[in-house]
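# Remarks on the overall topology
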Amino acid sequence: MQVAHSVLIRDVGMNKHVMTKWIAVFVFSFCMFSYSNAGFAGDELNCVLCHKHRGLSRIDEDGKFRLFYINQELFDSGPHRRNKCKDCHTDIDKIPHEPARKVDCMQECHMVEPSGNIKFSHKTVEETLHKSAHSPLDEDGKPKPHQEDYPGCKDCHDQPFYRPFSFYKGELKAGVSKRGISRCKGCHTNGDFAEDFYEHITTRLRKSRYPMETIKSCAKCHQDPEFQERHDLDDVVTTYMQTFHGKMIALGSEKTADCLDCHVVEGENTHLIEGKEVITSAVYKNNVQATCRTSECHEKAAAQLASYQTHVTYDREKYPLQFYMLVGFKALMACVLYFFLALIFLELLRRLFPCFSFIKDKKQDDEVE
Amino acid sequence: MNLFKKIVFKLYVIFLMVFTVWYGHFMYPLIFGFEGKEMAAESLKDLGEAGTDHEKMFVKLISEHGKKSVTDLGYKVIDQPYIEGRFHHIGFPIEPDKASLCVSCHGNVPHDNSKEVRSFLNMHAFYVGCETCHIQPKEAGESWRFRWYSKENGDIIDNPVALVEIEDSYKEDAAHNYPTYGKYGAKIAPVIQKGSELVLLSGEKEKKFAQRYVTELGNLNSEQKSQIKKVIHQKVSKTPLQCDGCHQEKDPYIPYAALGYPPRRVVELTNTSVVGMIEKYKEFYIPSFLSPGVGNE
């Protein structure tokens, strides 16, 4: 500690003013640590001293509501719990803080990625994204028009959660199996290593997000009419929700295909979504069959399964045939249904008033006379 | 008997007729579209028609009012308000203060002037009624009592049980202890004795007066507007209560213990480290020895 302290003093210089400042810093840090409650794993600087308070917020200069509250329990429920706050918020080195820079997810953090023994970074994701339809750059590396429409990390992702599961006795169950993890903890006794590993691995073995959340994430842009107009795109989210897949997911299915299942080639990184004109794309006309027949979906289906237009936009100008077919079918359905409903209604009316008639029966009148 | 049978039969027929009409109505959206389609189209049209960025933001805010984000983890569902661009999860619904006269115009996030402390002040506005800091006893010797009032209806209520629950949570597993501060559904505010009752400084009468002012704005000229504003704010002190008024050990303005804060928390709140942080350390830098690897390159 003494060595560290002397190094610290040498680093900052021997200026008396600076020394006083550092002593103050040391005293303050000591107060912060002793004042601390049991913060979350990555909170070495005890940021939650202030950020645990729910109302810590302001309206920024652009009129946006900024909430600085950190829910420790939820923060600890995902892979980022192993990071310190300053790993991401690198420029915050002053209290009260200056307005902070946007977090750069591509920076290296202090965790070591075990397979390559290098510092962890999301750089590879960015590289993949740049090969996809969502890249802000075109094939020549030039910025595409409407740059503001191309997604950054936060446009699709909020703080990730673990979604662990178990099948200790064969049945798939959500959450951590106490029996299952006890087998890890027999050897891996230190800290939360076993929990981290278990939750990380089991989360990665299935979709890390519930399909409806994935769809909502895509819908943020793809269901925006102005966005569709700018990029000449169809309203694919609305039409998807009208399909069998969409309806199944709306009813709570996790097994049905969401956007990523059809738009990412099996085995590829989920960030590699390509346009339907790209020959390597999962939805390129020659590849659709293979996409439908992947191992988790319609593996044994005939090739014709993929021969229909999956989610059609009934736009009269773009797809006149589909539009008029839809109108025709709707008209047919309406005619059949309302014709028979009217018939049933009139029949019931007759049962209610069996003798009622608008026309006077002359024969009966004569008999009465 | 025959008449009875006849009546039952007629009622049955009437029921079937009603069902037929209802069925036709029920099937209509399934054939021709879905419910809310027109409303959604209207809202999107509004968004498209909004001119400047600020107008667009206004329309968007209205359309996003009450919007929620639901995350299903299988073993737990997290239902929280949606805040655009927010990365971290909130995990709780933000309780609006429906009872406060001040909040009815100034909102839940009212502080903006002092860049250094505005977020802290807004954080306090979550637990402490505006009157606590912005209205102080004018006459010497006059002192007010403090009570919790319900954010929902303004009723003066007992000290929140959550304060004790937080304390109890510290007895549990320290490494996984997540005390939930601020889930009180109530705020601290000064009260005065009126007859046999304790009442808030700004009650229902004052709130109605302010609401009337807002609805009548169009009928008032600019001088009249200033007059009424002055009347509404006449109790407001020129200088608000400062941090060390409450965060001091000797004689804190707010009687924490009487308001239900457990002893450990009282010590925390009256400890001056937070106040000191704001006032003394305007140029406080977090030392780099706390960030391994930084500065070693």
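Calculation notes
Residues numbered from 1 in each chain as written. Chains lettered and ligands numbered in written order. Predicted model: local features only at pLDDT ≥ 70, side-chain atom pairs only at ≥ 80, totals over all residues. Heavy atoms only, no water. Helix = DSSP H or I, 4+ residues; strand = E, 2+ residues; numbered from the N terminus. Contact = heavy atoms within 4.5 Å. Areas by Shrake-Rupley, 256 points an atom, 1.4 Å probe, with all protein chains shown as cover. Buried < 20%, exposed > 50% of the residue type's maximum accessible area, 1.4 Å probe, protein only. Disulfide = S-S within 2.5 Å. Phe/Tyr/Trp six-rings, centres within 6.5 Å; stacked < 30°, edge-to-face > 60°. Lys NZ or Arg CZ within 6 Å of the ring centre and 35° of its normal. Core = buried A, V, L, I, M, F, W, Y, C linked by side-chain atoms within 4.5 Å. Pairing = 2+ DSSP bridges. Patch = residues over 30% accessible without salt bridge, like charges linked within 9 Å, V, L, I, M, F, W, Y side chains within 5 Å. Salt bridge = Lys/Arg side-chain N within 4 Å of Asp/Glu carboxyl O. Lys, Arg positive; Asp, Glu negative; His and termini not counted. Charge placed at Lys NZ, Arg CZ, Asp CG, Glu CD. Axes fitted to C-alpha atoms, helices over the stretch in contact; angles between N-to-C directions. Parallel < 35°, antiparallel > 145°, perpendicular 65-115°, else oblique. Nonpolar A, V, L, I, M, F, W, Y, C, P; charged D, E, K, R; others polar. pLDDT = per-residue confidence, 0-100.

### Quick look at the overall build of chain B
The number of helices and strands found in chain B is twelve helices and seven strands. Here the analysis covers contacts within chain B between residues at least 6 apart in sequence; of these, 55% occur between residues at least 24 apart. In the structure as shown, chain B presents an accessible area of about 18900 Å², 59% of it carried by carbon and sulfur atoms.

### A word on the side chain of serine 166 of chain A
Residue and element names in this part refer to chain A. The residue serine 166 is located in strand β6 (residues 165–166) in this model. Judged by relative accessible area, which is 10%, serine 166 ranks as buried. Sequence-distant contacts of serine 166, defined by excluding residues within four places in its chain, comprise Glu171, Leu172, Lys173, Gly175, Ser177 and Tyr198.

### Observations concerning the state of the cysteines
Enumeration over the complete set of coordinates arrives at zero disulfides over all chains. Its sulfur unpaired, cysteine 47 of chain A is 3.8 Å from the next cysteine sulfur, which belongs to cysteine 85 of chain A. Given the relative accessible area of 24%, cysteine 47 of chain A is considered partly exposed. Cysteine 133 of chain B supplies the cysteine sulfur nearest to cysteine 243 of chain B, a cysteine that is in no disulfide, at a spacing of 8.7 Å.

### Notes on the packing of aromatic side chains
Scanning the entire structure with this criterion turns up 16 aromatic pairs over all chains. A ring pair is formed by phenylalanine 323 of chain A and tyrosine 324 of chain A, whose centres lie 5.2 Å apart and whose planes are at 85°; its orientation type is edge-to-face. Ring centres 5.8 Å apart and planes at 35° place the aromatic pair phenylalanine 19 of chain B and tryptophan 22 of chain B in the tilted group. Here phenylalanine 19 of chain B pairs with tryptophan 22 of chain B, and both are found in helix α1 (residues 2–32), just three residues apart, close to one helical turn. Following the ring pairs from residue to residue traces out a cluster consisting of Phe126, Tyr127, Trp148, Tyr184, Tyr256 and Tyr261 of chain B. When the ring centre of tyrosine 82 of chain B is taken as origin, the NZ or CZ atom of lysine 67 of chain B, which lies over that ring, is 4.6 Å away. If you follow lysine 151 of chain B out to its NZ or CZ, it ends over the ring of phenylalanine 126 of chain B, 4.1 Å from the centre.

### Brief notes about unusual backbone geometry
All names here are of chain A. The phi dihedral of asparagine 117 is positive, around 50°, even though this residue is not glycine. Locating asparagine 117 in the fold gives a position in the loop between β4 (112–113) and β5 (118–119). At aspartate 232, a position not held by glycine, the phi torsion is positive, near 50°. Turning to its location among the elements, aspartate 232 is positioned in the loop between α11 (225–231) and α12 (236–241).

### Observations regarding the nonpolar core
For soluble globular proteins, the rule of thumb is that nonpolar side chains tend to be buried together. Within the largest apolar cluster, 30 residues are counted, with the highest numbers of intra-cluster contacts made by Tyr127, Trp148, Tyr184, Ile188, Tyr256, Leu259 and Tyr261 of chain B. Where this core is concerned, the elements lending two or more residues are α3 (48–51) of chain A together with α5 (118–124), β3 (145–150), α7 (162–169), β5 (186–194) and α11 (263–270) of chain B. No other element matches α7 of chain B, which puts three residues into this core. Those residues in contact with tyrosine 256 of chain B that lie beyond four places of it in its chain are Cys246, His247, Tyr261, Val266, Leu269 and Thr270 of chain B. With six residues, the next largest nonpolar core counts Ile215, Ala219, Tyr240 and Ile249 of chain A among its residues.

### Things to note about the sheet that holds strand β4 (residues 156–157) of chain B
Residues and elements named next belong to chain B. Read from one edge to the other, the open sheet built from four strands follows the order β4-β3-β5-β6, with strand pairing classed as antiparallel. Looking at which strands have only one partner, the edges of the open sheet turn out to be β4 and β6 (197–200). Two elements, β3 and β5, share six bridges in a ladder whose sense is antiparallel. Counterpart to arginine 147 in the pairing with β5 is alanine 189.

### Let's talk about a positive patch on the surface
Residue and element names in this part refer to chain A. A surface patch of like charges, here positive, comprises Lys64, Arg66, Lys102 and Lys154. Tracing the backbone through its elements, the reader meets lysine 102 in the loop between β3 (94–95) and β4. What makes lysine 102 exposed here is its relative accessible area of 75%.

### A closer look at the packing of helix α16 (residues 320–352) of chain A against α1 of chain B
Remark: α16 of chain A packs on α1 of chain B, axes separated minimally by 9 Å, with the N-to-C direction vectors making an angle of 170°. Considered as vectors, α16 of chain A and α1 of chain B are oriented roughly antiparallel to each other. Residue composition of the contact of α16 of chain A with α1 of chain B, grouped by class: 21 nonpolar, two polar and three charged.

### Brief notes about the pattern of salt bridges
Tallied over the entire structure, the rule returns 24 salt bridges over all chains. Its salt-bridge partner being glutamate 226 of chain A, residue arginine 230 of chain A comes within 4.0 Å of it at the nearest N-O pair. Of this pair, arginine 230 of chain A and glutamate 226 of chain A are both found in helix α11, four residues apart, which corresponds to roughly one turn of the helix. What makes glutamate 226 of chain A partly exposed here is its relative accessible area of 29%. Notably, a salt bridge pairs aspartate 234 of chain A with lysine 318 of chain A, separated by 2.7 Å at the nearest N-O pair. Residue aspartate 234 of chain A is located in the loop between α11 and α12, and its partner lysine 318 of chain A is located in the loop between α15 (288–292) and α16; the two are separated by 84 residues in the primary sequence. Assessed through its relative accessible area of 15%, aspartate 234 of chain A is described here as buried. We classify lysine 318 of chain A as partly exposed; its relative accessible area is 35%. Look at the salt bridges and you will find they share partners, linking Arg58 and Glu61 of chain A together with Asp112 and Arg118 of chain B into a network.

### Section: the confidence of the model for chain A
Reading predicted coordinates in detail is not appropriate for stretches of low pLDDT. Residues and elements named next belong to chain A. On average, residues of chain A carry a pLDDT of 83, and 86% of them reach 70 or more. Model confidence for chain A, summarised as mean pLDDT per element, is weakest for helix α1 (residues 2–12) at 36 and strongest for helix α14 (residues 259–263) at 95. In this model, residues 1–40 is a region of pLDDT below 50 whose contacts with residues beyond four sequence positions or in other chains number 47 contacts.

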